[in-house]
Amino acid sequence: MIQDIWEEVYLMASLAIDSAWLPSPSESLCRSLNVCVEEANPADILPALEAPMSSVSDNCNIPKPPPLPSKVRTRTKYSKRPLECSLVPKETKNTWDKLFKEGYGVDVCIITKDKSCVLAHSNILSIASPVLSNILSRSKVKHGMRYIKIPGVPHDAIFMFIRFLYSSCYEEEELRKFVLHLLVLSHSYSVLPLKRVCICLLEQGWLTRENVIDVLQLAKNCDAPRLAFICVRMIVKDFKSISSTEGWKVMKRANPALEQELVESVVEADSRKQERQRKMEEKKVYLQLYEAMEALLHICKDGCRTIGPRDKVLKGSQVTCNFPACKGLETLVRHFSNCKTRVPGGCVHCKRMWQLLELHSRMCNEPDSCKVPLCRHFKEKMQQQSKKDETKWKLLVSKVIAAKNAVGSFSSRRSCLS
């Protein structure tokens, strides 16, 4: 097959060269003007034409095809503007835009709010919008024109709407001015591309404290749940300022149910915030208890500052521990060792120390070799406690262990501080 193709190409090229060697009017003109024209030698051309034939005959000399383009993965920075996926050339868009603006061969007159008229073509409108197609099919023709009305919308907004149906073109400043009208029009007449543009631009920076209430109501009516969610989130975040705007006052009179819904959303968000703060504070307490357990084990096993185990003498030059839990627990241990009351219910500080010792014993897995005081004693005491107390202690231990898993070991924290 390749051999046949090369033979055809060779034959066509030979014919073209043979025809090029024939005298032409231009050659006679050159001779009359004494212009020297150098003829090509056929002996020099034929080897060049025969080269592909020899390469085809030998399959080993066929050039290899170029390699496929490699897939290069790069991080794409997504623009905040809606991406233009259209492959329509700019010239084509300009042509359709010019067709709309010049109105050549129009057969539809759209009557606007101020009794003015926007001219268009029925075929374009019918293709771009199924709703307009239905309206045009039921409209009557008078003197070759169809007349339809779009009430309640400014003339400029309708002009932008019809222009978008032709060429998808718009000016940003004009779109910003009439974006709410265009959102309603695009939803009412099922023009999804324009609706996506309006929603995307509103979500990405065109929401303000003054228009967010209006946008929220339109988003609910125009089936734009994501836009509605963004509006509610903005209202909850800046409720004090937005509730004093004119849009909120009008909404309060016209749609009290929406006002109640927004107030409930604010209360719910505030409750969630308080619950998060409460859990954070609770988690902080469990973290402190865990650090106290590790500090107690550290003091009784290794020694810290001036307090240490009975079988170890601390050197005077020993570097003090910078971990804050050790300092607080050291003060509590010193008080516990010197307090005259030292009964679980007699002294608040001693009671706290008893609780820390019992919590340690419940978390300790080596009571026989543990150097923390009373560890084995509390292990034996557990068997005599009621089920209610046992449940409370188990819950506390589980939460302290969860705090431990969240922050890592005490030793790693100490190594970072030293």
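Because the structure is predicted, anything quoted here is derived from the model rather than measured.

Parameters at a glance
- Residues numbered from 1 in each chain as written.
- Predicted model: local features only at pLDDT ≥ 70, side-chain atom pairs only at ≥ 80, totals over all residues.
- Heavy atoms only, no water.
- Phe/Tyr/Trp six-rings, centres within 6.5 Å; stacked < 30°, edge-to-face > 60°.
- Helix = DSSP H or I, 4+ residues; strand = E, 2+ residues; numbered from the N terminus.
- Buried < 20%, exposed > 50% of the residue type's maximum accessible area, 1.4 Å probe, protein only.
- Disulfide = S-S within 2.5 Å.
- Salt bridge = Lys/Arg side-chain N within 4 Å of Asp/Glu carboxyl O.
- Expected span 1.5 Å × (residues − 1).
- Arc of directions from axis to C-beta.
- Contact = heavy atoms within 4.5 Å.
- Pairing = 2+ DSSP bridges.
- Axes fitted to C-alpha atoms, helices over the stretch in contact; angles between N-to-C directions.
- Parallel < 35°, antiparallel > 145°, perpendicular 65-115°, else oblique.
- Left-handed = near helix turned anticlockwise from the far one by under 90°.
- Nonpolar A, V, L, I, M, F, W, Y, C, P; charged D, E, K, R; others polar.
- Core = buried A, V, L, I, M, F, W, Y, C linked by side-chain atoms within 4.5 Å.
- 1 Å grid on protein atoms, 1.4 Å probe; cavity = no way out; pocket = protein on both sides within 12 Å on 5 of 7 lines; lining within 4 Å.
- Points joined across faces, edges and corners; volume = space filled by probe spheres on them.

Colleague: How should I be thinking about the packing of aromatic side chains in this particular structure?
Modeller: Ring pairs (aromatic) are described by centroid distance and by the angle formed between their planes. One pass over the full model with this rule turns up five aromatic pairs. An angle of 50° between the planes, with centres 5.0 Å apart, marks the rings of phenylalanine 100 and phenylalanine 159 as tilted. One end of the pair, phenylalanine 100, is in helix 4 (residues 90-102); the other, phenylalanine 159, is in helix 7 (residues 155-167), with 59 residues separating them in the sequence. By relative accessible area, phenylalanine 159 is classed as partly exposed at 31%. A centroid spacing of 5.8 Å and a plane angle of 45° characterise the contact between phenylalanine 161 and tyrosine 189, whose relative ring orientation is tilted.

Colleague: Any chance you could explain the state of the cysteines here in plain terms?
Modeller: By definition, a disulfide links the sulfur atoms of two cysteines through a covalent bond. One pass over the full model with this rule turns up one disulfide. Here cysteine 109 pairs with cysteine 117 through a disulfide, and the sulfurs are 1.9 Å apart. A residue is classified by how much of its surface remains accessible, and cysteine 109, at 7% relative accessible area, is buried. Cysteine 117 gets classed as partly exposed once you look at its relative accessible area, which sits at 32%.

Colleague: Honestly, the pattern of salt bridges in this entry has me stumped. Any pointers?
Modeller: Opposite charge on two side chains makes pairing possible when the charged atoms of those side chains draw close. A complete count under the given rule lists twelve salt bridges for this structure. A salt bridge links arginine 163 to aspartate 97, with the shortest nitrogen-to-oxygen separation between them at 2.9 Å. With arginine 163 in helix 7 and aspartate 97 in helix 4, this pair connects stretches of sequence that are 66 residues apart. Like aspartate 97, arginine 163 is buried. One connected set of salt bridges, linked through shared partners, spans Asp97, Lys101, Arg163 and Glu171.

Colleague: Please clarify how helix 12 (residues 225-237) should be interpreted in this entry.
Modeller: Working note: α-helix, 3.6 residues per turn, so residues spaced by three or four point in the same direction. Counted at 1.5 Å a residue, the expected span for helix 12 with its 13 residues is 18 Å, and the 18 Å between its end C-alpha atoms agrees. Listed as buried for helix 12 are Leu227, Ala228, Ile230, Cys231 and Ile235. Across the axial projection of helix 12, the buried residues extend over an arc of 160°, all falling on one side. Opposite its buried face, helix 12 presents the exposed residues Pro225, Arg226, Phe229, Arg233 and Lys237, each directed more than 90 degrees away. Those residues of helix 12 that are buried lie in contact with helix 9 (179-188), helix 10 (192-206), helix 11 (212-221), helix 13 (239-242), helix 14 (246-254) and helix 15 (256-301).

Colleague: Hey, could you run me through the pairing of strand 1 (residues 108-111) in this one?
Modeller: Look at any regular strand and the pattern is simple: side chains alternate between the two faces of the sheet. Inspection of the sheet shows strand 1 paired to strand 2 (residues 117-120) by four bridges, in the antiparallel sense. Bridge pairing in strand 2 places isoleucine 110 opposite valine 118. Between strand 1 and strand 2, which pair antiparallel and follow one another directly, the connecting turn spans five residues, one of which, lysine 115, has a positive phi of 70°. Alignment of strand 1 against strand 4 (residues 145-149), held across four bridges, turns out to be parallel. For cysteine 109, the partnering residue across the bridge sits in strand 4 and is tyrosine 147.

Colleague: Could you clarify how one ought to interpret the environment of histidine 349 in this entry?
Modeller: Relative to the assigned elements, histidine 349 resides in helix 17 (residues 348-363). Judged by its relative accessible area of 41%, histidine 349 falls in the partly exposed class. Histidine 349 has contacts with Leu332 and His335, leaving out every residue within four places of it along the chain.

Colleague: Just to check I follow, could you spell out the packing of helix 10 against helix 12 for this structure?
Modeller: Helix packing geometry: the angle between the two helix axes and the distance between the axes. As a packed pair, helix 10 and helix 12 sit with axes 10 Å apart at the nearest point and diverge in direction by 20°. Judged by the inter-axis angle, helix 10 sits roughly parallel to helix 12. The interaxial crossing formed by helix 10 with helix 12 has left-handed handedness. Taking contact as the criterion, the partners of Ile199, Leu202 and Glu203 in helix 10 are, on helix 12, Arg226, Leu227 and Ile230. A class-by-class count of the residues in the contact of helix 10 with helix 12 yields four nonpolar, no polar and two charged.

Colleague: When you look at the nonpolar core in this model, what are you seeing that I'm missing?
Modeller: Among soluble globular proteins, nonpolar side chains are generally buried collectively. Counting 54 residues, the largest nonpolar core has Ile110, Leu125, Phe161, Ile162, Leu182 and Leu227 as the members making the most contacts within it. Here the element with the most residues in this core is helix 7; it accounts for eight residues. The residues touching isoleucine 110, leaving out its near neighbours within four places in the chain, are Ser116, Cys117, Val118, Leu125, Ile148, Ile150, Ile158 and Ile162.

Colleague: Explanation requested: empty space enclosed by the protein in the structure shown.
Modeller: The rolling of a water-molecule-sized probe over the atoms marks out the regions of remaining empty space. Evaluation of the coordinates by the stated rule reveals one cavity of 30 Å³ or more. The calculated volume of the largest cavity comes to roughly 30 Å³. Every residue along the wall of the largest cavity is listed here: Met160, Phe161, Phe164, Cys169, Tyr170, Leu175, Leu182 and Leu194. Ranked by residue count, the leading element in the lining of the largest cavity is helix 7, at three residues. A class-by-class count of the residues in the lining of the largest cavity yields eight nonpolar, no polar and no charged.

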